[in-house]
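So the chains spell out like this:
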Amino acid sequence: MSQVPQITRIQELIYELPIERVMTTPVITVSPDTTMSELKEILRVNRISGVPVLEQGRLVGIVSIEDLIKALESGDIHAPVRERMSAPVITVRASESVVEAVKKFAQYKVGRLPVVDDDGNLVGTLTGGDITRGLLEAIGLDYHAEEISRYRARHIFEDIVSDQTGLILRYRIKARDFTGGGSASSKIKRALDRLGAPPQVQRRVAIAAYEAEMNLIIHTDRGGELIAEIQPEVIRIVATDNGPGIPDIEQAMQPGFSTAPNWIRELGFGAGMGLSNIKKCSDAMKLESQVGVGTRLEIVVRVQPVISGSVQQSEGGREQGREQEKP
Amino acid sequence: MITLGQIAQELNLEVATGAENLERRVVAGYASDLLSCAMNRAKKGYVWVTLQSHSNVVAVASLLDLAAVIITEGNRPDEETVARAQSEGVCLLLTPKTTFTVVGELAALGVRGEPEQG
């Protein structure tokens, strides 16, 4: 399964990467008057298998180890390169993407392509090996960049120094919007995941936020606001609305007590479990309401330090954990 | 542990979304038509059996990271729900059977109400 996205990424890269990023520079060149035996030394010393041929700065041909072997076989080792080189030369442009080079390698069955700039000047050479190396490097960079961004997200609270650091996510929740229901809590959960919160904390916050969000959708006149305040040691969810308000909070807290109309119950909502679910998932919960004015629900979930083998613990999470008081 | 693909095949379920998840292992099962109850009791990797087919089912499944939702009694999610399930990677399986029948068949395949120990 994990193979699939990687192949896609390489396919993307050969379209994205310009040839100039993977080509070899500087270019070793020979003149048409260089002899094949001199060429042999140039190839041997530089450990390369071919070179472009330049005449007064102009690319006139390309000569490879294969041409050299043929020259050796026919006893032409002292012949000038001009007589044994391939011309005209197939080139690629530095600004083109790697895929153009891949096509030309396949089409012309050559092992090496001179790279020219937009004015036709030779600026580099390209082999299949250069492309492989360039792709590997680019994938490595991608991987590295992803690692860095992940690291940054996970350490955001350690890197930002203040007396109290917090991230506030604020969502407007519309009344009776069952279709969009749960999307704010999904986003809160995703943020927690990104920040590296332990899975248990993510689950508790997701459930509490979902129930609070659904309460705003099901029970309010004009919707309300859902706010998640994420701090290193504690996550606070606050749901507020402007009515209708809860007449009897104690009764509302009873599992199974529901005021939802039938049509809402038929959708599977209004089980009367919302507030008790929230209570179960939270370390502290405060519900204030006034009929005709509105309701404010505050939910606190503490981020307990992970017991063993965790990154957080080895990197200073313990200090924060020790300061925590049990509710 | 049994996979979603095996369950879909054995129970003859229609794969509405999440065909790419069929290799996923099913940890346990839960059945209810009340979303808050599912929210409370179903957990990551569970399969949830319900006759509800609206888009909040997807929200619950996504929040809990459920393996799949089996929607019973021939209820079909609307286009919007299917689109949301697709974008959140939630697997929806459909059947004309009742919840009772589906749960019975799941149990016969070894799916329990709680994850197996060990």
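What counts and what doesn't
Position labels on residues start from 1 in each chain and follow its written sequence. To read the labels, note that chains go from A and ligands from 1, taken in the order they are written. For a predicted model such as this one, the threshold for reporting local features is a pLDDT of at least 70, and the threshold for listing and counting side-chain atom pairs is 80 or more; totals across whole chains, interfaces and linings nevertheless cover every residue. In this text, helices come from DSSP runs of H or I with a minimum length of four residues, and strands from runs of E with a minimum of two, each type numbered from the N-terminal end. Every C-beta atom is placed from the backbone, and the number of other C-beta atoms within 10 Å of a residue's own sets its class: buried at 20 or more, exposed at 12 or fewer, partly exposed in between. Distance between backbone-placed C-beta atoms decides contact: two residues are in contact if it is within 7 Å. Whenever a helix is involved, its axis is fitted only over the stretch in contact; in every case the axis is a line through C-alpha atoms, and angles between N-to-C directions fall within 0 to 180 degrees. Oblique is the label for any angle not covered by the other classes, which are roughly parallel (under 35 degrees), roughly antiparallel (over 145) and roughly perpendicular (65 to 115). The hand of a helix crossing depends on one turn: near helix anticlockwise from the far one by less than a right angle means left-handed, and clockwise means right-handed. The classification used treats Ala, Val, Leu, Ile, Met, Phe, Trp, Tyr, Cys and Pro as nonpolar, Asp, Glu, Lys and Arg as charged, and all other residues, Gly among them, as polar. Summarising the geometry, the arc corresponds to the directions from the helix axis toward the C-beta atoms. Strand pairing is defined by DSSP finding a minimum of two bridges between the two strands. Only buried Ala, Val, Leu, Ile, Met, Phe, Trp, Tyr and Cys residues enter a nonpolar core, and they are joined through C-beta atoms within 7 Å. The predictor's confidence in any single residue is recorded as pLDDT, a number from 0 to 100.

**Some remarks on the overall build of chain B**
If you tally the helices and strands in chain B, you get five helices and five strands. Along the chain direction, N to C, the helices and strands of chain B fall in the order α-β-β-α-β-α-β-α-β-α. Residues counted as buried form 49% of the 118 residues belonging to chain B. The contacts in chain B between residues at least 6 apart in sequence include a share of 53% that link residues at least 24 apart.

**Examining the environment of Glu250(A)**
All names here are of chain A. Tracing the backbone through its elements, the reader meets glutamate 250 in helix H11 (residues 249–253). Classification of glutamate 250 as exposed rests on a count of 9 C-beta atoms within 10 Å. It is 9.8 Å that separates the C-alpha atoms of glutamate 250 and leucine 287, two residues lying 37 residues apart in sequence.

**Some remarks on the packing of helix H9 (residues 183–194) of chain A against helix H10 (residues 199–219) of chain A**
Residues and elements named next belong to chain A. Two elements in contact, H9 and H10, have axes whose closest approach is 8 Å; the angle formed by their N-to-C orientations is 160 degrees. Considered as vectors, H9 and H10 are oriented roughly antiparallel to each other. Along this stretch, H9 crosses H10, giving a crossing that reads as right-handed. Each of Ala184, Ser185, Ile188, Lys189, Leu192 and Asp193 in H9 lies in contact with H10, whose residues at this interface are Val201, Gln202, Val205, Ala206, Ala209, Tyr210 and Glu213. By residue class, the composition of the contact of H9 with H10 is eight nonpolar, two polar and three charged.

**Let's talk about helix H4 (residues 79–88) of chain B**
All names here are of chain B. Among the residues of H4, those classed as buried are Thr81, Arg84 and Ala85. Each buried residue of H4 lies within a common arc of 100 degrees when the element is viewed along its axis, so the set occupies one face. Exposed and facing more than 90 degrees away from the buried side of H4 are Glu79, Glu80 and Ser87. Where H4 is buried, its residues contact strand E1 (14–17), helix H3 (55–64) and strand E5 (92–94). After H4 finishes, the residue glycine 89 shows a positive phi value of roughly 70 degrees.

**Quick look at the sheet that holds strand E10 (residues 294–302) of chain A**
Residues and elements named next belong to chain A. Taken together, five strands build an open sheet; the order of strands is E6-E7-E8-E10-E9 and the sheet is antiparallel. Among the strands making up the open sheet, the edge pair consists of strand E6 (167–173) and strand E9 (284–290). Strand-to-strand twist in this sheet, taken as the mean axis angle between neighbours without regard to direction, amounts to 10 degrees. Seen against the sheet, H10 touches E6, strand E7 (224–230), strand E8 (234–241) and E10 and runs at an angle of roughly 5 degrees to E8.

**A few points about the nonpolar core**
Ranked by size, the top nonpolar core spans 73 residues in total, and within it Ala208(A), Ala209(A), Ala212(A), Val47(B), Trp48(B), Leu66(B) and Val69(B) carry the most contacts. For this core, the element with the highest residue contribution is H10(A), accounting for eleven residues. Look past the residues within four positions of Val47(B) in its chain and what remains in contact with it is Ile7(B), Val26(B), Gly29(B), Leu66(B), Ala67(B), Ala68(B), Ile70(B) and Val111(B).

**A closer look at the sheet that holds strand E3 (residues 92–93) of chain A**
Residues and elements named next belong to chain A. As summarised here, the arrangement of the three strands in space is E3-E4-E5, forming an open sheet in which the pairing is mixed. The sheet is open, and its two borders are formed by E3 and strand E5 (122–127), each paired with just one other strand. Here E3 runs beside strand E4 (residues 112–116); their pairing, made up of two bridges, is parallel. Across the sheet, the residue bridging to valine 92 is valine 115, located in E4.

**Description of the interface of chain B and chain A**
Every contact between the two is made by 16 residues of chain B and, on the other side, 19 residues of chain A. Of all the secondary-structure elements, those providing two or more residues to the side of chain B that touches chain A are helix H2 (35–41) and H3 of chain B. Across the side of chain B that touches chain A, the residue classes tally to seven nonpolar, seven polar and two charged.

**Describing the confidence of the model for chain A**
Predicted coordinates in regions of low pLDDT should not be interpreted in detail. Residues and elements named next belong to chain A. Across chain A, the average pLDDT comes to 84, with 89% of residues at or above 70. Taken together, the stretch residues 1–6 has pLDDT below 50 and engages in zero contacts with residues farther than four places along the chain or on a different chain. Scored below 50 in pLDDT, residues 306–327 shows 19 contacts in the model against residues more than four places distant or in partner chains.

**Observations regarding unusual backbone geometry**
Apart from glycine, the bulk of residues carry a negative phi angle, and the bulk of peptide bonds sit in the trans form. Residue and element names in this part refer to chain A. Looking along the chain, the bond that leaves threonine 25 and enters proline 26 is cis, with omega of -10 degrees. In this fold, proline 26 is placed in the loop between helix H2 (19–22) and helix H3 (36–46). Cis geometry is found at the peptide bond from glycine 243 to proline 244, where omega equals 20 degrees. Structurally, the position occupied by proline 244 is in the loop between E8 and H11. Located in the positive-phi region is arginine 47, a residue other than glycine, with phi close to 50 degrees. Structurally, arginine 47 can be placed in the loop between H3 and strand E1 (50–55). One non-glycine residue with positive phi stands out, namely glutamine 56, at about 50 degrees. Relative to the assigned elements, glutamine 56 resides in the loop between E1 and strand E2 (58–64). Residue glutamine 56 is classed as exposed on the basis of its C-beta count, with 6 C-beta atoms lying within 10 Å.

**Some thoughts on the confidence of the model for chain B**
Of the residues in chain B, 98% reach a pLDDT of 70 or more, and the chain-wide mean stands at 94. Predicted as a complex, the structure gets a pTM of 0.60 and an ipTM equal to 0.81.

**So, the environment of Glu229(A)**
All names here are of chain A. Among the structural elements, glutamate 229 can be located in strand E7. On the neighbour-count criterion, glutamate 229 (16 C-beta atoms within 10 Å) is partly exposed. Along the sequence, glutamate 229 and valine 300 sit 71 residues apart, while their C-alpha atoms lie 9.6 Å from each other. In contact with glutamate 229, not counting residues within four places along its chain, are Gly166, Ile168 and Arg236.

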